[in-house]
Amino acid sequence: MMRLALRTLRHRKSGFIATFIAVVFGTAIVMACGGLMETGIRSNVEPERLAATSLVVTGNQSHHRPGVEDPTPLTERVGVPVELLAKIRSVQGVSSAVGDYTFTAVGHDVAEGHNWSSAALAPYQLSSGHAPRSGQVVVSSGKVGERLTLLINGEPKTFTISGLAPTASSHAFFSDHDAAQFVSNPARFADVGVQVAPGTDLDAVKDRLEEVDGNLAVRAGVDRGLAEHPDAESHRTALIAIAGSFGGIATMTMMFVVASTLALAAQHREREFALLRGIGTTPGQVRRMILGEALMVSLPAVALGCLPGIFLGRFLFDQLSSHGVASPVIEFSQGWIPFAAGAGAAVLAAIGAGLIAARKSAKIKPVEALVEASLQRKWFSWIRLLFGLLFLGGGMALLIVTATVMSGPLAASTAGPSILCWAIGVAVLGPFWTKAVLGIWRWPVQALTRVNGRLAIRNLSARSVALSAAAMPVMLAVGISTANLYMQTTQVHASSEAFTRDLRADAVLVSDAGLSPTVLSQVREVPGVTSASAFVRSMAAVDEPRNAPFDEEGAPVIGVDAQGANGTAPVRLTSGSLAGLTGSTAAVPEYMATKTGRGVGSEITMTLGDGTTVKLRVVATFAAERGYETIILPASLVAAHTTDGLTKQILVRAAPGADVRPDLAKLAAAHPGVQVADRSTLVASNVEDLQTQAWINYMLVGMLIAYTGVSVVNTLVSTTLRRRREFALQRLTGSTRFQVLRMLTTESTLVTLTGVTLGTAVALACLLPFSAKVSNDALPTGPIWIYLVVVGAAALLTFASTLIPATTALRHSPTQPTYSD
């Protein structure tokens, strides 16, 4: 039978092109996602500034909350306490250990400052000059003896260049005394570089170093680069999550597309299978032939799909890096595991599709086979009904969970998977749904198209399985794309609304190099300014009470200065006052206070972004949208426990009718790096992560749309070419080519309407509960043109995939022999 399968492929190449293309693109997409997953797991970052070290000691960037199994990631650099340096040096096998102070220093070709003793960790060598003393600096370019001004902690400071280290690009080195003055927390090193004595077991030294303190992490080899770039560690989880979720959706979509194309190819060959069964071919032989054909098509397709998979994975990683989702310093990795995953998924999809396609053709009796081949295939079976109801039930369960349990952004975790459940459930029971929708659209279409419409409707009514096969890819494309795109627009809009609803700032001063307290005091003296406050963002973990409404990712924290009722803090107070927000105090959401019983006057325990645990007294509560809760702390407290220790934004509120922007602009001009912006800058900053996530989803959903578009084209082209006999018969009975094309145009209209209607229903089943939870509005938020573009693209693919091959087929004489593929 394998020899027969090979001969079949030789003479029926066009019938297997659809499956071949589906496997090629499916392999590429799954392999690309596998590459992203491997890159996130490995997170290889070649060390540069710490390249000369044997081991690097850093702080543990995770925090275990009491009673919570999963650790909370710490988003700020934890660091190593200075007092531990002596203990690290005394560890057996350690020959030397150097602590590194790291802080922001902005100037010409400079972005970061360090203490000079840490230059040996690279090592950076002086090409001229000498080591820096107090008031001096070593940089990579310039002239020894020149004066250089750098922004440190938001203030300009001038130094004398004492030496040049050409390889220290973007780094500036100061005396150890000066560096300890400039760093935000001199009690902690950013990291400690360790040299191990020759001949010492590196793993043994690493174990001994980890025993020095339970909050230390020791990195070796390529992992030393993660100490230089702590943001790469935080991006690692996001990259793995994106690759895993999208890879799972892509794999399921590929299996669905491959199964549908292979099943369609088998359906078009029912006459051939009927003849084989009629001449004595056993069911096992038919099954082996179909499986053999599936393997012969999928194996070369997998080999071909690996090549674009390499480039696609690299392209996706570059796009994620450029948009801040993945760290650009991480090396892209794509070993044999992604190849095996992509190839295995594609081959398994082809085998599974082959088994499904072979089931009826191999099971039917020889006499019934010849009769069955001339009739429309029966679509109903108990297995199909069971799986259809299971997927629809899963979609309904996720809908209920989304509507009743989830809140805010968390609703996406259940609403997203429900899309596939609804789509697959509708597709499995496709003929039932297409008949139902056709009953709705048949009368208006028939009224507009008359004779051609009547013929098209009768054709499709008699061929409901064929209509289902044509409409289901359209449904899949419209449903997945519409739901995913509007989920993002709705979530971004809801987050912006939750933030801006209580935003009372009229202007904001920003500086990436930081804003000094001097700027804040000067802003408060500007005529017309009624309130000004530092504004700092970070993440923390609520340790006590344990039932606070924050998940394992931590609690968003906003730092502001103490202020009265007319202050700039973006909150609506329900009790207490922010006038006492100083020292170790906090303002918490009213929902949290009610749920935990920690109202004004009580205490909570939090672990801040750098791992520091603090006890805070609650001085106020405020109203907050569920799912968008934050905790308000003093700005000085939050800034002191961030990686750079800087305040980068100042909120300004003006008196009614006062225009303070001209005076603020003059003030900003007097301070290098300071700019004046409006409240839209704050809103954009607040939803920055969501906008980035939205862009990622737009890109990934675009890939799925393109892939399902391939399925639409494959299905419709194959179905249209199979009807060449029918077209010839119509022309022999008096129909012109134009009349046949008009009939096909009407059929394409019905296919488009059916697919769009079902796709819209699938999308709404996901979007309605999601929107109700996220934005308290049942209707999703977003521009209507998104939906119009999706529908237009689906219609264009449907009409082009039907009319172009039909026009080609109608060029031949109706008396010319035709052969069904």
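We now turn to the structure provided with this report.

Cut-offs applied
Residues numbered from 1 in each chain as written. Predicted model: local features only at pLDDT ≥ 70, side-chain atom pairs only at ≥ 80, totals over all residues. Heavy atoms only, no water. Helix = DSSP H or I, 4+ residues; strand = E, 2+ residues; numbered from the N terminus. Buried < 20%, exposed > 50% of the residue type's maximum accessible area, 1.4 Å probe, protein only. Contact = heavy atoms within 4.5 Å. Phe/Tyr/Trp six-rings, centres within 6.5 Å; stacked < 30°, edge-to-face > 60°. Pairing = 2+ DSSP bridges. 1 Å grid on protein atoms, 1.4 Å probe; cavity = no way out; pocket = protein on both sides within 12 Å on 5 of 7 lines; lining within 4 Å. Points joined across faces, edges and corners; volume = space filled by probe spheres on them. Nonpolar A, V, L, I, M, F, W, Y, C, P; charged D, E, K, R; others polar. Patch = residues over 30% accessible without salt bridge, like charges linked within 9 Å, V, L, I, M, F, W, Y side chains within 5 Å. Areas by Shrake-Rupley, 256 points an atom, 1.4 Å probe, with all protein chains shown as cover. Salt bridge = Lys/Arg side-chain N within 4 Å of Asp/Glu carboxyl O. Expected span 1.5 Å × (residues − 1). Axes fitted to C-alpha atoms, helices over the stretch in contact; angles between N-to-C directions. Core = buried A, V, L, I, M, F, W, Y, C linked by side-chain atoms within 4.5 Å. Bend = angle between axes of the 7 residues up to and from the residue.

### Looking at the overall build of the protein
1) Next: Tallying secondary structure elements over the protein gives 24 helices and 25 strands in all.
2) Next: Residues counted as buried form 52% of the 821 residues belonging to the protein.
3) Next: Here the analysis covers contacts within the protein between residues at least 6 apart in sequence; of these, 80% occur between residues at least 24 apart.

### Topic: the packing of aromatic side chains
1) Next: Scanning the model with the defined rule gives 10 aromatic pairs in all.
2) Next: Residues Phe159 and Phe182 carry aromatic rings whose centres are separated by 5.8 Å and whose planes lie at 80 degrees to one another, so their mutual orientation is edge-to-face. Note that Phe159 is positioned in strand 11 (residues 155–164) and Phe182 in helix 4 (residues 176–182), a separation of 23 residues in sequence.
3) Next: Residue class for Phe159 comes out buried when judged on its relative accessible area of 3%.
4) Next: Among the aromatic residues, those joined into a cluster by ring pairs are Phe103, Phe159, Phe174 and Phe182.

### Here we look at the pairing of strand 20 (residues 585–589)
1) Next: With 5 of 5 residues buried, strand 20 lies mostly within the body of the structure.
2) Next: Across 5 bridges, the pairing between strand 20 and strand 22 (residues 613–623) is parallel. By the bridge assignment for strand 22, Val588 is matched with Thr621.

### Side note on empty space enclosed by the protein
1) Next: Under the defined criterion, the tally for this structure stands at 8 cavities of 30 Å³ or more.
2) Next: Empty space within the largest cavity amounts to approximately 200 Å³.
3) Next: Taken together, 18 residues make up the lining of the largest cavity; nearest its centre are Arg77, Ser184, Asn185, Arg188 and Thr643.
4) Next: Elements with a contribution of two residues or more to the lining of the largest cavity: strand 6 (102–107) and strand 13 (188–189).
5) Next: Here the residues of the lining of the largest cavity sort into 7 nonpolar, 7 polar and 4 charged.

### Quick word on a nonpolar patch on the surface
1) Next: Residues Ile383, Leu386, Phe387 and Leu390 make up a contiguous nonpolar surface patch of roughly 410 Å² in combined accessible area.
2) Next: By the secondary structure assignment, Phe387 is in helix 12 (residues 382–404).
3) Next: Looking at Phe387, the relative accessible area reads 44%, which means it is partly exposed.

### Some points on unusual backbone geometry
1) Next: Ala122 connects to Pro123 through a cis peptide bond whose omega is -10 degrees.
2) Next: Its location among the elements puts Pro123 in the loop between strand 7 (110–115) and strand 8 (128–129).
3) Next: At Asp109, a residue that is not glycine, the phi angle is positive and equals roughly 60 degrees.
4) Next: Tracing the chain through its elements places Asp109 in the loop between strand 6 and strand 7.
5) Next: Of the residues examined, Asp109 reaches a relative accessible area of 43% and is grouped as partly exposed.
6) Next: Phi at Ser170 is positive, roughly 70 degrees, even though this residue is not glycine.
7) Next: Tracing the backbone shows Ser170 in strand 12 (residues 170–174).
8) Next: For Ser170, a relative accessible area of 28% corresponds to the partly exposed category.

### Brief notes about helix 24 (residues 784–810)
An α-helical segment advances 3.6 residues per turn. Residues three or four places apart therefore align on the same side.
1) Next: With 27 residues, helix 24 ought to run about 39 Å at 1.5 Å a step, and its terminal C-alpha atoms sit 38 Å apart, in line with that.
2) Next: Within helix 24 the residues assigned to the buried category are Ile786, Val790, Ala794, Ala795, Thr798, Ser801, Thr802, Pro805, Ala806, Ala809 and Leu810.

### A short note on the sheet that holds strand 5 (residues 94–100)
1) Next: One open sheet accounts for 4 strands, arranged 5-14-1-15; its pairing is antiparallel. Both edges of this open sheet fall to strand 5 and strand 15 (216–220), since each of them pairs with a single strand only. For this sheet, the mean angle separating the axes of adjacent strands, direction not counted, is 25 degrees.
2) Next: When strand 1 (residues 55–59) meets strand 15, the two strands line up antiparallel, connected through 5 bridges. Among the inter-strand pairings, Leu55 is bridged to a residue of strand 15, identified as Ala220.

### A closer look at the pairing of strand 24 (residues 649–654)
1) Next: Along strand 24, 5 of the 6 residues are buried, which leaves the element largely enclosed by surrounding structure.
2) Next: Looking at chain direction, strand 16 (residues 507–510) and strand 24 are connected through 4 bridges and run antiparallel. From the neighbouring strand, Leu509 faces strand 24, where its bridge partner is Ile650.
3) Next: As paired strands, strand 17 (residues 529–544) and strand 24 are joined by 6 bridges and run antiparallel to one another. Looking at the pairing, Ala534 lines up with Ile650 of strand 24.

### Re the nonpolar core
Proteins that are soluble and globular tend to have nonpolar side chains buried together.
1) Next: Within the largest apolar cluster, 45 residues are counted, with the highest numbers of intra-cluster contacts made by Val426, Met472, Met475 and Met487.
2) Next: Elements with a minimum of two residues in this core: helix 13 (412–428), helix 15 (464–500), helix 21 (688–722), helix 23 (737–775) and helix 24.
3) Next: When neighbours within four sequence positions are excluded, Met472 is seen to be in contact with Val426, Ala427, Gly430, Thr434 and Leu758.
4) Next: Core analysis: the second largest hydrophobic core is formed by 39 residues, Ala22, Ala346, Ile696 and Tyr707 among them.

### Quick look at helix 23
1) Next: Along its 39 residues, helix 23 runs 53 Å from first to last C-alpha, staying within 8% of the 57 Å computed at 1.5 Å per residue.
2) Next: Maximal helix bending in helix 23 amounts to about 30 degrees, located at Leu764.
3) Next: Looking at the residues trailing helix 23, positive phi occurs at Asn776, about 60 degrees.

### Considerations on the pattern of salt bridges
Where side chains of opposite charge bring their charged atoms close, a pairing between them can arise.
1) Next: A complete count under the given rule lists 6 salt bridges for this structure.
2) Next: The closest approach of N and O atoms between Asp191 and Arg49, which form a salt bridge, is 4.0 Å. Of this pair, Asp191 sits in strand 14 (residues 191–196) while Arg49 sits in the loop between helix 2 (13–42) and strand 1, placing them 142 residues apart in sequence. Judged on exposure class, the residue Asp191 and its partner Arg49 are both buried.
3) Next: Its salt-bridge partner being Asp644, residue Lys648 comes within 3.0 Å of it at the nearest N-O pair.

That is the geometry; function is a separate question.
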